[in-house]
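Examination of the molecular architecture
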Amino acid sequence: VSPVIYPASLLGEYTWLLGFNPMAGVISTARAVLFGLSPISWVSLGFSLTVGITIFFVGLFSFRKAEVYFADIV
């Protein structure tokens, strides 16, 4: 549900939920830089970065834990 076609402000009070999508902050920042219609939301960009890094490390940990069994299944 990345805000590519629609602006994030369309969600009203639920805009904060977009922070859980790692691409939402990047897209909103790119839109602010390219079009200059709104100021850059550093909080949104930082929250998206934090969620993205967290998802990366959880995936890395899960992969390392299950990596031993991959060759046996395939």
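Here, the structure is the one placed above.
Keep in mind that this is a model prediction, so the values were computed, not measured. (Residues numbered from 1 in each chain as written. Predicted model: local features only at pLDDT ≥ 70, side-chain atom pairs only at ≥ 80, totals over all residues. Heavy atoms only, no water.)

Details of the overall build of the chain
Counting secondary structure elements, the chain contains 2 helices and 0 strands. Against the 2.2 N^0.38 benchmark of 11 Å for 74 residues, the chain shows a C-alpha radius of gyration of 17 Å, more extended than a compact globule. When the backbone C-alpha atoms are referred to their principal axes, the chain occupies close to 55 × 20 × 20 Å. Considering the chain as a whole, with its 74 residues, one finds that 16% of them fall into the buried category. A sequence separation of at least 24 residues applies to 41% of the contacts in the chain between residues at least 6 apart. Accessible area of the chain: about 5900 Å², with a carbon and sulfur share of 76%. (Helix = DSSP H or I, 4+ residues; strand = E, 2+ residues; numbered from the N terminus. Rg over C-alpha atoms; globule rule 2.2 N^0.38 Å. Buried < 20%, exposed > 50% of the residue type's maximum accessible area, 1.4 Å probe, protein only. Contact = heavy atoms within 4.5 Å. Areas by Shrake-Rupley, 256 points an atom, 1.4 Å probe, with all protein chains shown as cover.)

Quick word on a nonpolar patch on the surface
On the surface, L11, Y14, W16, L17, F20 and F47 cluster together into a nonpolar patch covering about 630 Å² of accessible area. Within the element layout of this structure, L17 appears in the segment before α1 (22-35). Under the relative-accessibility criterion, L17 is labelled partly exposed at 42%. (Patch = residues over 30% accessible without salt bridge, like charges linked within 9 Å, V, L, I, M, F, W, Y side chains within 5 Å. Salt bridge = Lys/Arg side-chain N within 4 Å of Asp/Glu carboxyl O.)

Quick look at the packing of aromatic side chains
A full pass over the atoms with the stated rule returns 1 aromatic pair. A centroid spacing of 5.2 Å and a plane angle of 70° characterise the contact between F56 and F57, whose relative ring orientation is edge-to-face. (Phe/Tyr/Trp six-rings, centres within 6.5 Å; stacked < 30°, edge-to-face > 60°.)

What about α1?
With 14 residues, α1 extends 21 Å from end C-alpha to end C-alpha; this agrees with the ideal 20 Å at 1.5 Å per step. Those residues of α1 not exposed but buried are A24, G25, I27, T29 and A32. Positioned one or two residues after α1, G36 has a phi angle of 65°, which is positive. (Expected span 1.5 Å × (residues − 1).)

Brief notes about the environment of V26
Examined against the element boundaries, V26 turns out to sit in helix α1. We classify V26 as partly exposed; its relative accessible area is 39%.

No statement about biological role is implied by the geometric values presented.
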